Amino acid sequence: MTQQQAPRSPERHTTPTGSNTSASAVERNGIDPVPDTERHGTPRSLFWPWAASGLSLLGIAYGIYVMGLGLNAWQAVVTGTVGYVLSFVLVGLVSVAGARTGAPTMAIGRAAFGRQGNKLPTVFGYVSNVGWETVLVALSSLGGATVLARVSPAFFARADGRTPTTGAQALCFAVTAVSVVVVGVYGHALIMKVQKYLTAAITVMTVAYMVLAAGRIHPSALLEGRPGGFGTAVGGVVFAMTLLGLGWVNCGADYSRYLPRDSSGRAITGWTTLGGVLAPVVLLVFGVLLNAGDPKLAAAAAADPVGALAAALPTWFLVPYLLTAIGGFASGAIMDIYSSGMSLLALGVPVRRHLAVLVDGALMAVGGWYVLFVSPGFFATFQAFLSVVGVAMAAWTAVFLVARWRGRRSRSGPSAAPSAGWPAVLSLTVASVVGLGLVTSADPNIARAVGFLLTDRAAHGTPGAMNIGVVAALLVAGVLYAVTAPLAHRPTAPEETDEQSAHQSPARRPRVLRRPRRRLGRQVPR
């Protein structure tokens, strides 16, 4: 008999190869695995998008933030560098899975979390991406408006001649947001091309800024200042991890999935880590030296980092500085909005990839309005966001990597993905609760929901300064999943492989049609 095919999802239709590998065409691949015919490039190509993602003037402000925890200059440099490297090695390890499966990060997680259970970490990942988009575009608006107020106070400043108008902030927000959404809609090929050129342009302008601001730094300050305690130093490492790599772990495979399947795992990890860490470490050191030479800078940077860094610049360089700031923030937001679109599809929302990007852009606009016009202060809200998201992403990363490690070691036959992988879901939930109970927040609204495992004395002492909840979530999730996963994974019928289950949502899973049995004395027609 004729077998009737179920209607295909918009994200599973066959498209010409060129439509997914050309920068001038909108990418049609959704969360399905990238076909081998469309795989191209080398691990070295991953350097450019990750270099662009961290090459923004916000990296200078990060040095100010890390030092503001109570560390002296050399401690801030060391703890920041360690945190950056550790966190981006995790991004590199996650990226290997993209080349092996051809799927985006949050879709691969279905093999461990199950088809329905995977929605929990995907929501966390989606919130992380949209949150970072919002932060980056809002910072572009704050800094850009400050610069415009100095360039043309008659149009963009209030009566005092210094404070930017709401219209100036809205203009900068609109320019950055529209640019980010357009590139995100076109997808992977355009992103890889744009990020390469942005890296070169922003590097030149950033070096020019550093030369102009060099007179405000004092290298001797590295050896000055009272050092912070051990707990504060650990807190510096954790804070640096949340500033950089832990905000990207759920995006790693999204940019490596177009690489050939047999690409070197070490090369993927190495180029991803080098690209993600090289520029931020240089900017971190410069920010620390700048802060040590001008202690008042820290207070100004907490409210408006881009505007604070522009305070001493000559007027003729303000427009290039503005373009550098917007380009740097846009490069990070572009990668976030692309990955958030993938996460939305992994949640099972029945839209095409480029339409998912438009949904994310709308949410980014709402979040930007809160950061710009409702939040009591940027730094407190930003640090609280990093802590909460960092806990969830650390727990998810541990489960994801242990699941991939178990899959390689066991070399067992294929198994069907369950509706919910209870070991993974349990590990993520328990580790996230423990982690949130061990972090603190300066945002009064978020502080009520975290730190519940700390006494009041501990919250205001060394344990609170360490924000150890992120590391605790990573360790608890990894150990708990390693112990419980063998209890649940029993050999089952080979319905599909773990990698196949990573790409199929419940609504898209094909029905298994059995061939009718033959009855005695009668032939059943086909």
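Refer to the structure presented above.
Residues numbered from 1 in each chain as written. Predicted model: local features only at pLDDT ≥ 70, side-chain atom pairs only at ≥ 80, totals over all residues. Heavy atoms only, no water.

Chemist: An account of the overall build of the protein is needed here, citing residue identities and associated values.
Modeler: On a plain count of helices and strands, the protein comes out with 24 helices and zero strands. Out of the 526 residues in the protein, the part that is buried amounts to 55%. Of all intrachain contacts in the protein linking residues separated by at least 6 positions in sequence, the fraction that spans at least 24 positions is 85%. Approximately 22500 Å² of the protein is accessible, and the part contributed by carbon and sulfur atoms is 65%. (Helix = DSSP H or I, 4+ residues; strand = E, 2+ residues; numbered from the N terminus. Buried < 20%, exposed > 50% of the residue type's maximum accessible area, 1.4 Å probe, protein only. Contact = heavy atoms within 4.5 Å. Areas by Shrake-Rupley, 256 points an atom, 1.4 Å probe, with all protein chains shown as cover.)

Chemist: I'd love a proper account of the packing of aromatic side chains, names of residues and values included.
Modeler: With the rule as written, the count across this model stands at eleven aromatic pairs. Seen from their ring centres, phenylalanine 47 and tryptophan 48 are 5.2 Å apart, and the 85 degrees between their planes marks the pair as edge-to-face. Looking at tryptophan 48, the relative accessible area reads 31%, which means it is partly exposed. The interplanar angle of 45 degrees and the centroid separation of 6.5 Å between the aromatic rings of tyrosine 62 and tyrosine 65 together place this pair among those described as tilted. (Phe/Tyr/Trp six-rings, centres within 6.5 Å; stacked < 30°, edge-to-face > 60°.)

Chemist: How would you explain the environment of valine 135 if you had to name every residue and give the values?
Modeler: Position of valine 135 among the secondary structure elements: in helix H7 (residues 119-151). In this structure the C-alpha to C-alpha distance between valine 135 and phenylalanine 385, which are 250 residues apart in sequence, comes to 9.6 Å.

Chemist: Requested: an account of the nonpolar core, with residues and values cited.
Modeler: Within the largest apolar cluster, 137 residues are counted, with the highest numbers of intra-cluster contacts made by Trp50, Tyr209 and Tyr321. Element by element, the count of residues in this core is highest for helix H16 (residues 318-346), at 16 residues. Ignoring sequence-local partners within four residues, the contact set of tyrosine 321 consists of Leu57, Val147, Tyr209, Val306, Leu309, Ala310 and Leu313. (Core = buried A, V, L, I, M, F, W, Y, C linked by side-chain atoms within 4.5 Å.)

Chemist: Account for helix H9 (residues 166-186), naming residues and giving values.
Modeler: Since one α-helical turn is 3.6 residues long, residues separated by three or four positions face the same way. With 21 residues, H9 extends 31 Å between its outermost C-alpha atoms, agreeing within 8% with the 30 Å of an ideal straight helix rising 1.5 Å per residue. Among the residues making up H9, those that are buried are Ala168, Gln169, Cys172, Phe173, Thr176, Ala177, Val180, Val181, Val183, Gly184 and Val185. The inward-facing, buried residues of H9 contact H7, helix H8 (153-156), helix H10 (188-213), H16 and helix H17 (353-373). Two residues or fewer past H9, glycine 187 is found with a positive phi of approximately 100 degrees. (Expected span 1.5 Å × (residues − 1).)

Chemist: Kindly report on the environment of tyrosine 62, identifying the contributing residues and their values.
Modeler: Within the secondary structure, tyrosine 62 is located in helix H3 (residues 58-67). Apart from the residues within four sequence positions on either side, tyrosine 62 is in contact with Tyr84, Trp132, Leu243, Leu284 and Phe382.

Chemist: Can you explain the pattern of salt bridges? Please cite residues and give values.
Modeler: For the structure on display, the rule yields three salt bridges. The salt bridge partner of arginine 353 is glutamate 27, with a shortest N-O separation of 3.7 Å. Of the two residues, arginine 353 sits in helix H17 while glutamate 27 sits in the loop between helix H1 (18-21) and helix H2 (47-54), which places them 326 residues apart along the sequence. Given a relative accessible area of 1%, arginine 353 falls into the buried group. Here glutamate 27 falls in the buried class, since its relative accessible area comes to 2%. Linking aspartate 36 and arginine 261 is a salt bridge whose minimum nitrogen-to-oxygen distance equals 2.9 Å. Of this pair, aspartate 36 sits in the loop between H1 and H2 while arginine 261 sits in the loop between helix H12 (252-256) and helix H13 (265-293), and the two are 225 residues apart along the sequence. Accessibility expressed as a relative area gives 37% for arginine 261, which makes it partly exposed. The structure contains a network of salt bridges with shared partners spanning Glu27, Arg257 and Arg353. (Salt bridge = Lys/Arg side-chain N within 4 Å of Asp/Glu carboxyl O.)

Chemist: Which residues make up the packing of H7 against H17, and what values do they have?
Modeler: The geometry of H7 relative to H17 is characterised by a closest axis approach of 8 Å and an angle of 55 degrees between their N-to-C directions. Judged by the inter-axis angle, H7 sits oblique to H17. Considering the relative orientation of H7 and H17, their crossing is right-handed. Residues Tyr126, Val130, Glu133, Thr134, Val137, Ala138, Ser141 and Leu142 of H7 pack against Val359, Asp360, Leu363, Met364, Gly367, Gly368, Val371 and Leu372 of H17. (Axes fitted to C-alpha atoms, helices over the stretch in contact; angles between N-to-C directions. Parallel < 35°, antiparallel > 145°, perpendicular 65-115°, else oblique. Left-handed = near helix turned anticlockwise from the far one by under 90°.)

Chemist: Please give an account of the packing of H3 against helix H4 (residues 73-101) that cites residues and values.
Modeler: Closest axis-to-axis distance for the H3/H4 pair is 9 Å, and the angle between their directions is 115 degrees. Where H3 crosses over H4, the two elements pack in a sense that is right-handed. Contacts between H3 and H4 involve Tyr62, Val66 and Met67 on the former and, on the latter, Ala73, Ala76, Thr79 and Tyr84.

Chemist: Talk me through empty space enclosed by the protein; I want residue IDs and the actual numbers.
Modeler: Applying the stated criterion across every chain, the model contains five cavities of 30 Å³ or more. The computed volume of the largest cavity comes to approximately 180 Å³. Along the walls of the largest cavity sit 16 residues, with Ser53, Tyr62, Trp132, Leu136 and Trp248 positioned nearest its centre. Taken together, the elements giving at least two residues each to the lining of the largest cavity come down to H2, H3, H7 and H16. Residue composition of the lining of the largest cavity, by class: eight nonpolar, seven polar and one charged. Of the voids in this model, the second largest cavity is the one considered here, and its volume is about 40 Å³. (1 Å grid on protein atoms, 1.4 Å probe; cavity = no way out; pocket = protein on both sides within 12 Å on 5 of 7 lines; lining within 4 Å. Points joined across faces, edges and corners; volume = space filled by probe spheres on them. Nonpolar A, V, L, I, M, F, W, Y, C, P; charged D, E, K, R; others polar.)

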